[in-house]
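Listed below, chain by chain, are the residues.
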Amino acid sequence: ISFYELFKKYRYRIIVPWIIAVTAYSVYLEITVPDNNSFLVSLLNSFIYPFYHLWFIAGFIGWIFASWFLKKLGFTHKSILFISLAISIVSFIFFKHNEIYENIPVLSEIINIVLHTFKPYFYVFFVMGIYLKNHDKTKLLPIDIFIPFILFVVIGFLFFIPSEIIYAIAFY
């Protein structure tokens, strides 16, 4: 599937409704809570820093295109699962410990936008769904069940243990 075909597949199902929702929220906020920015600046900021539940759509779109890109590079579903685990762990550490990169001005801003807009620390859950969807459930080997289970436990553990432990494991 080409990038254009992928875009076409999600254009009216996800992208256009998301653009309408973000624009509607921006108009509503402009009317009810005016700020010092122009409407255009506020609207653009709304796409970079989505409102409330709309963060998921930006993340979902990013996860779709990231998975498509990795698939185009020739990675298998199992490889993409491990890559997504690495992306999720690293981005979660960055999310919890911005002191790692905050002193690098341009990089800091880029990382903050990516973390806020696309929530890459949730990417592994999306890929785990793809991985399980694309396997015949009647022909699953024990390893095919064990790998997602272990990844789910690891990510769940990372989300619920104190971030100081994660930082200590990663950087000491």
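Scroll up to find the structure this text is about.
Summary of the structure given here. (Residues numbered from 1 in each chain as written. Predicted model: local features only at pLDDT ≥ 70, side-chain atom pairs only at ≥ 80, totals over all residues. Heavy atoms only, no water.)

Observations regarding the overall build of the protein
Each helix and strand in the protein was counted, giving eight helices and zero strands. In sequence order, the secondary structure elements of the protein are arranged as α-α-α-α-α-α-α-α. Looking at the protein as a whole, 32% of its 172 residues qualify as buried. (Helix = DSSP H or I, 4+ residues; strand = E, 2+ residues; numbered from the N terminus. Buried < 20%, exposed > 50% of the residue type's maximum accessible area, 1.4 Å probe, protein only.)

Some details on the packing of helix α1 (residues 3-32) against helix α2 (residues 39-48)
Contact pair α1 / α2: the axes reach a minimum separation of 9 Å and the direction vectors enclose 135°. Regarding the angle of α1 to α2, the classification is oblique. The hand of the α1/α2 crossing is right-handed. Every residue of α2 that contacts α1 at W18, I19, V22, T23, S26, V27 and E30 is listed here: F39, S42, L43, S46 and F47. When its residues are assigned to classes, the contact of α1 with α2 shows seven nonpolar, four polar and one charged. (Axes fitted to C-alpha atoms, helices over the stretch in contact; angles between N-to-C directions. Parallel < 35°, antiparallel > 145°, perpendicular 65-115°, else oblique. Left-handed = near helix turned anticlockwise from the far one by under 90°. Contact = heavy atoms within 4.5 Å. Nonpolar A, V, L, I, M, F, W, Y, C, P; charged D, E, K, R; others polar.)

So, the packing of aromatic side chains
Under the defined criterion, the tally for this structure stands at 13 aromatic pairs. Taken together, a centroid distance of 5.0 Å and an interplanar angle of 35° make the contact between F3 and F65 tilted. Note that F3 is positioned in helix α1 and F65 in helix α3 (residues 55-72), a separation of 62 residues in sequence. Under the relative-accessibility criterion, F65 is labelled buried at 19%. With centroids separated by 5.8 Å and ring planes inclined at 40°, the aromatic side chains of W63 and F126 adopt a geometry described as tilted. Residue W63 is found in helix α3, and its partner F126 is found in helix α6 (residues 123-133); the two are separated by 63 residues along the sequence. Take W63 and F126: they sit in the same class, and that class is buried. (Phe/Tyr/Trp six-rings, centres within 6.5 Å; stacked < 30°, edge-to-face > 60°.)

Things to note about the environment of K119
Mapped onto the secondary structure, K119 falls in the loop between α5 (105-118) and α6. Take K119: its relative accessible area is 11%, and that puts it in the buried class. Separated by 31 residues in the primary sequence, K119 and S88 place their C-alpha atoms 8.8 Å from one another. Look past the residues within four positions of K119 in its chain and what remains in contact with it is W55, W63 and V114. A polar side-chain atom of K119 sits 2.7 Å from the main-chain carbonyl oxygen of H116. (Polar contact = N/O pair within 3.5 Å; in protein donor to acceptor, adjacent residues only side chain to side chain.)

Some remarks on α2
All buried positions along α2 are accounted for by S42, L43 and S46. All buried residues of α2 project into a common sector of 100° when viewed along the axis, lining one side. (Arc of directions from axis to C-beta.)

Thoughts on the nonpolar core
I64, Y123 and F126 are the most contacted members of the largest nonpolar core, which has 25 residues in total. Of all the secondary structure elements, the ones that give two or more residues to this core are α1, α3, α4 (77-96) and α6. The element that contributes the greatest number of residues to this core is α3, accounting for eight residues. Leave out the neighbours within four places in its chain, and Y123 touches W63, A66, S67, L70, I80, S84, I87 and S88. (Core = buried A, V, L, I, M, F, W, Y, C linked by side-chain atoms within 4.5 Å.)

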